[in-house]
Each structure stands twice: as structure tokens, then as C-alpha cells.
Amino acid sequence: MEAGGSSKNQTEPKKRQSKTPRKPKDSVLEQKSPAEFFAENKNIAGFDNPGKCLYTTVRELVENSLDSTESISELPVIEITIEDIEKSKFNSMIGLIDRDRVDEALYDDYETAKAREKRLAKEARAQELQAKNASSGKMVKEPPAAKTIKGRGEASFYRVTCKDNGKGMPHDDIPNMFGRVLSGTKYGLKQTRGKFGLGAKMALIWSKMSTGLPIEISSSLKGQNYISFCRLDIDIHRNIPHVHLHEKRDNKVRWHGAEIQVVIEGNWTSYRSKILHYMRQMAVITPYAEFLFKFVSGAADKSITIRFARRTDVMPPVPLETKHHPSSVDLLLIKRLIEENPKQNLLQFLQHEFVNIRKAYAERLIGELGPEFSPKMPIKSLTSQQIVRIHQLFRQAKFDDPSGDCLSPAGEYNLRLGIIKELHPDMVATYSGSARVFEGHPFIVEAGVSVGGKDVKQGLNIFRFANRIPLLFEQGADVVTRTALKRINYKINQTQDKIGVFVSIVSTKIPFKGTGKEYIGDDITEIASAVKSALQQCCIQLKTKIVKKMQAREQQERKRSLSKYLDNACTVFYDVWKEIKAQNSEQSHAAKKQRDEMYKEISNQTVTKAILKEKLLQHVEQVDYEMALEYATQSGVSEEPREAIFLQSLEAAEDSFIDLHSPTFVFRLFR
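Residues numbered from 1 in each chain as written. Predicted model: local features only at pLDDT ≥ 70, side-chain atom pairs only at ≥ 80, totals over all residues. Heavy atoms only, no water.

As annotated in an unreviewed UniProt entry, the chain carries the name DNA topoisomerase 6 subunit B and comes from Malus domestica. As stated in UniProt under Subunit (unreviewed entry), the record for the chain gives "Homodimer. Heterotetramer of two TOP6A and two TOP6B subunits." The UniProt entry for the chain carries the following text under Subcellular location (unreviewed entry): "Nucleus". (UniProt positions renumbered as here; feature names shortened; annotations may be inferred.)

Within the secondary structure layout, E83 lies in strand β1 (residues 77-85). Between the C-alpha atoms of E83 and F157, which are 74 residues apart in sequence, the distance is 8.6 Å. Dropping the residues within four chain positions of it, E83 is found in contact with K89, F157, Y158, R159 and V296. Polar side-chain contacts of E83 include one of 2.7 Å to the side chain of R159. (Helix = DSSP H or I, 4+ residues; strand = E, 2+ residues; numbered from the N terminus. Contact = heavy atoms within 4.5 Å. Polar contact = N/O pair within 3.5 Å; in protein donor to acceptor, adjacent residues only side chain to side chain.)

Going through the model one piece at a time under the given rule, you end up with 20 salt bridges. For the salt bridge of D233 with K208, the shortest nitrogen-to-oxygen distance reads 3.7 Å. Residue D233 is found in strand β4 (residues 226-235), and its partner K208 is found in helix α7 (residues 199-210); the two are separated by 25 residues along the sequence. Judged by relative accessible area, K208 falls into the partly exposed class, the value being 33%. (Salt bridge = Lys/Arg side-chain N within 4 Å of Asp/Glu carboxyl O. Buried < 20%, exposed > 50% of the residue type's maximum accessible area, 1.4 Å probe, protein only.)

Their axes nearest at 6 Å, the elements helix α8 (residues 268-285) and helix α13 (residues 412-423) cross at an angle of 140°. As judged from the angle between their axes, α8 and α13 are oblique. In this structure, α8 uses R280, A283, V284 and I285 to contact α13, whose residues at the interface are N414, L415, G418, I419, K421, E422 and L423. (Axes fitted to C-alpha atoms, helices over the stretch in contact; angles between N-to-C directions. Parallel < 35°, antiparallel > 145°, perpendicular 65-115°, else oblique.)

A separate point is the sheet that holds β4. Spatially, β5-β4-β3-β6-β2-β1-β7-β8 is the arrangement adopted by the 8 strands of the open sheet, whose pairing is mixed. Sheet topology places β5 (240-250) and β8 (304-308) at the edges, where each strand pairs with a single neighbour. The sheet shows a mean angle of 15° between the axes of neighbouring strands, taken without regard to direction. As paired strands, strand β3 (residues 215-220) and strand β6 (residues 257-266) are joined by 5 bridges and run antiparallel to one another. Paired with E216 across the bridge in β6 is Q261. Relative to the sheet, helix α3 (residues 50-70) contacts β1, β2 (156-163), β6 and β7 (290-296), its axis offset from that of β6 by approximately 175°. Sheet contacts for α8: β1, β2, β6, β7 and β8; angle to β7, the most-contacted strand, approximately 170°. (Pairing = 2+ DSSP bridges.)

Turning next to the packing of aromatic side chains. All told, the structure shown has 13 aromatic pairs when counted by the stated rule. A ring pair is formed by Y361 and F399, whose centres lie 5.9 Å apart and whose planes are at 65°; its orientation type is edge-to-face. Within this pair, whereas Y361 is found in helix α11 (residues 359-369), its partner F399 is found in the loop between α12 (384-396) and α13, the two being separated by 38 residues in sequence. Among the aromatic residues, those joined into a cluster by ring pairs are F349, F354, Y361, F394 and F399. Over the ring of F473 we find K52; its NZ or CZ atom is 4.5 Å from the centre of that ring. In this arrangement the basic side chain of R249 is found over the ring face of F229, its NZ or CZ atom lying 3.8 Å from the centre. (Phe/Tyr/Trp six-rings, centres within 6.5 Å; stacked < 30°, edge-to-face > 60°. Lys NZ or Arg CZ within 6 Å of the ring centre and 35° of its normal.)

In C-alpha cells:
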């Protein structure tokens, strides 16, 4: 019985488990802060991997500095430093003590005895094969360096510092400007490099996720006698700044601007070329800026210092904030504008909050809305149905296109100087189109095409810019790439010639595809048409130059071919004349007289092989010149191509000159 009882007791718990299933956990409504959301989805802001994080951090800090300097019309001087931090130094920064490994098998980079034996056998076979090839006289390649096994925990850390001479930040605003996601000063309808208030905040979030170290900010306003210093990180869950130190320091040198320093995990090796390419393209589109880029490493041979010098002191005008175009608004925006301006009546609201609606046209729109609308009615009394009616009329009515006066393109002058400064091309053409409109937002397309240059690969080299920002990733689907490759016939040898294609698009709203803001889709007809037109205008400008270059190339080939046989022809001709007297052919008296005179000159050394070669060479030059003239006439080249001339402006006292701008040059009139 005891045995039976014990078996019964053993089965009872199993029955209880099957009869009482686990209750599902009650769902709880949770809310995430913006900082927490972007920390979990950092790829949205371009922080995909350590290498891309390093690149994006540099990019965001540089663009913020440019916006800051341009906002006060200050010629930018920006210093960017990336310092490689060794593991021991990083551990001391975070308060860790270096420890030796005790149990090697615990680590991801541990190599077992079997794996080591297999690797050594493979290396021995490679050395044996190399020795065999060397003994037989075959070409022997250098053996590849042995790959070191890198564990997942072996990260690389860098200190990124960006210093500028810009506007600076108010002392009390610094914590919120860096420690609160989706807070910023660029939310108006205005052409800016940044839009979402994410750049520097994402660098801080990535620093907190990868190193745990705070960010350091030094800033001073123009004319301020102190420097604001702030060391802070961010409370991810509450989306508020966590300030470690916030104080005022003496500003003895009267410096103004901002200096930001952040320590992050990165990968310089894999993204070195991207970062340098970005800096070079930024120097092309902003030739009025001076950049000093440094990479500091423990190994002196790996350190880099590059200065991108300023070529001009002519800056584009500061972009202006504009109002919304009626065809670009939605219901939510109309309601927000009504909430922000509750004291206006309907007539004032239409006139003052939207572009291209004058008083007379506003009255016509109100009459079209219906009898329940009147010009003097307060907008705060509008019902939801009436707001929908206004929105419907905005979508159906006809409005003038917005002008591009609020935009600030680089300008043909700066674009041309940037291309010449960085690429040193043989030929360059630039074009700036007029303002066009996409979904109620104005945009301007500028383009440049260069031929030749240093550090330019053979074939097409495409450089894309949006709001004066270089775009380096996701190039294949971009409207500029597809237009340049498929819709333009350059009529050049793309396997030999070096062609640079530069397209810059500026707008109050760049229609980026994807969350990375790296390319503009090819499905927008208005932008695709404007890009194609701008590139065609550049090609038309280069047509005469390219024809001239092709003509010179063919002329050299013809001359080379004719001159190749001059020596042989002179020898044969000279020998023939020496033997011609021995021939008894029937000739006229005049021919015999000419023959005797020629023979006499040859006998007296008046005509030598050298003189004969010189005469033939002159004949080749004459024939080649006549053929070149005939070729130019057939090709429609009536005159020499005219080259643009750019003069470097002189240093002058402030407000002692007036700049007169044109699409291709700036004329400075000194008072």
C-alpha cells in the first residue's frame, strides 16, 4: 500500500499542472519618451553601426556649426578632431582598472587547440606552396597577413570635437538644446540643413549607450565676456537633460561660437574614406568656409591633418523664413495656425498666414466659401466642418506659385569656385535654374559638370547635395544619379575621360525618401525635369570646349602619324635625287633644267637631308592646319571658347563696399 500510495502521490502533481494553465499577463498601457524611442530605433537617424555612428556624428556637428556661422553672416572657421582612445585610456576615463584574463575559454576570441592546429597547418601549406613557386621561378605574391581574431567586446572608442566661430548658445538654453530630443530652433518653414532636432542629441544618446560618458559643451555669444561650460547626459526614459556641471568661465580672448566634445564607440578604419569624402564635398559646396580636419592616433604614421582652405569671402544670403502656400497645407496645419492666431478675423487670417493671397483674392475666396462665411468673422468661431471647407477650397483653387526669394542656393560663383578649388578640372560649366514648385514648396536646382581633374576616377563621378549637405549613401535610387546616368548624353569616352557631375537642390522641404535622409526619389517629375534641364545646360556650355579638345586630340594624332615616316621619306627622296641624273628618260627642256639645278644644289650641299626634313615638316604643319580649319567649319565652331575669369576680392574694412551679384560672378564696388 505504501508503494502504491507513493506512486499515486507522484502522479498527482502532474495532473495539477495540466489542470491549472498559466494565466496570461494583463496588458498594461505604456508610453515611451521620444529619447527612448530613438534610442531603440537609432537607425532612423543614421546610427546603424559603430562606423556609421562615427560618420553621422561628424556630419551632424559640422552642419550645426555651418548653420550657426551662416546665421550671423560670419565666414565659417570649423575645426574637427577625431581622437583615437586606447582601451587602457578609455578604462581610466570611466574608472575601470585593467585586468588580465583568468579563464581564456570564456572569451569570444578564444581559439581552441583544434582550431589552432588547423590554422597552423593551413599556414604551413601556404608557405610550402610559396617556396615551391619561388624555386620554379614563378611570380610569388606576398602572403596575406595573419588575421587576428577580434571578439565582440573589442570595441574602438573616439573623442569627437567640433569647434566653430558661430552664433553660440544662450547659457540657460544649453541643457535643453542638447538633452531634450525633438527640441530645436529649426522648426519653421525655412531652408535649413537640419530639421528634426536630432543630430547632436543622437550623438549624446549613442555616447550614453556605448560609453556612458557625458557630452561637454563650451559656448559664448558674440560680445559676451564669459564662456558657458556644460557637462551633461540625457535621461532616456524622461527625455530631460541630466546636468553634471553648468558654469560660467572667463572669456579672455573674446571668442564666440561653440565647441562640442563627445566620446563614442566607432570604426574609423571602415568609414575613413566616407568621412574624408564628406569633408571634401562639403568644401566644394561651401568654398567660403575653412575646415581643419584632424585624426589623432597613438601611432604617428596613422595621424592625419587636412586643411580645406577658403577660396572666397562671398557667402550666400541667409535663408528667410516664409509662410505656407495654400496648396501645401493640411487640416492639422490649418487648425494649428488658427490656435496660434485666435484674435484674427478670416480676412486677416488668409492674408497674413499664407503666401500669394492678397486682399482682393482673399475676399473672392471668402465669397466662394458660402454665405455662412464673412470677412469679419473671428477664426476661433470656425467649426470643424467650416475648416474642412476651407481646406477643400485650398486644394481646388488656383494660386500663384511661391517665389524662390526665401531660398539660399550656393550660387554658380561659389559652386564653380568649389569645384575648381578641390578638383582642379581642365574644364567646368555651371548653371543655376530658376525657382520651381513641388507640392507648394519652392526649390532651386544648381548643377555643374567638370572634365578632368585630380583625384577623380575615370568615368562619371556624381556628387549630390541637398540644402548644401553632401549625400553619400543610397546613391543608386537617387533622382540625380538616375538622371545623370540614363537621361544625359555626354558624347565622351567614359572609359578615359574624368567627368564630374554636381547637382545641388535647395528647398524649404526636401522630399527625402526613407528615414536616413540620404536620397531623393526618382518619382517626382518636377525635380527630375529640373535636374535634367540643369545638366543639359551645363553640357551645352561644354560643347564648344569638348569639340575643341577633340579637335586638338585628333590634330595631334594626325601630326604624329605624318611625322612618323619623315626620316624614311627624306632618305628615300634624297637617294632618288642623287641617282636621277644617271637616268636617260625623255624629259622636257624645262624639266631637265630643273633637275640639273636640284642636282647642283644637292652636290653643293645647299640642300641636305636636314633641310629636306624641315621643309616636309613645315608642309605637314600647313596641311594639318588646313584640315583643322575644315573640321572646325564642319563642326560649327566659329570662335574660341571664352573662359570665365574670377578675381579674388581684396580685404577691406567692414561696410566699405557693395557686392553686386550675378549668376556667374560677383562685382564688388568699393566706396
